[in-house]
Amino acid sequence: MRAAIALVAGAAADQSPYLAPYAWFHMAQALSQVGGPEWEKWRTGPHEALVGKQLGAGPLVGSWDPEQPWGRECGRIGTTALAVLLQAEYRFARLLDPRWRSRIR
């Protein structure tokens, strides 16, 4: 479990050359369950990358271009929906009791 946490936490979303909200969404779901310093450190990357790529002018203001690997399948609406979900951290329900963190091996 610790090796998996380290692998996911090591995927620096802010260093990606493109948006990957589909992958980031699942990474965020996993890391938010564990919590702790891995989650706190990782979650700033997608936030900063997403804010920087959100369209600020024109008829598509507020959305994100579907430039991600799944952009063709998701389109603008799917890409924007995933980006918005990533911005709403309160949506990640904790399934693990935080007291169990010390038992993860």
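Note that this is a predicted model, so its numbers are computed, not measured. (Residues numbered from 1 in each chain as written. Predicted model: local features only at pLDDT ≥ 70, side-chain atom pairs only at ≥ 80, totals over all residues. Heavy atoms only, no water.)

Points about the side chain of Thr-79
- Residue position: Thr-79 is located in helix α5 (residues 71–87).
- On the basis of relative accessible area, Thr-79 is assigned to the buried category, the value being 1%.
- Looking at Thr-79, its side chain comes within polar contact range of the main-chain oxygen of Gly-75, at 2.8 Å.
- If we skip the residues at most four places from it in the chain, Thr-79 touches Pro-21, Trp-64, Asp-65, Pro-66, Gln-68, Gly-71 and Cys-74. (Helix = DSSP H or I, 4+ residues; strand = E, 2+ residues; numbered from the N terminus. Buried < 20%, exposed > 50% of the residue type's maximum accessible area, 1.4 Å probe, protein only. Polar contact = N/O pair within 3.5 Å; in protein donor to acceptor, adjacent residues only side chain to side chain. Contact = heavy atoms within 4.5 Å.)

Describing the pattern of salt bridges
- All told, the structure shown has 2 salt bridges when counted by the stated rule.
- Where Glu-67 meets Lys-53, a salt bridge forms, and the shortest distance between an N and an O atom there is 3.0 Å. Taken together, the residues Glu-67 in the loop between α4 (44–53) and α5 and Lys-53 in helix α4 connect sequence positions 14 residues apart.
- A salt bridge links Asp-65 to Arg-76; the nearest nitrogen and oxygen atoms lie 2.8 Å apart. One end of the pair, Asp-65, is in the loop between α4 and α5; the other, Arg-76, is in helix α5, and 11 residues separate them in sequence. (Salt bridge = Lys/Arg side-chain N within 4 Å of Asp/Glu carboxyl O.)

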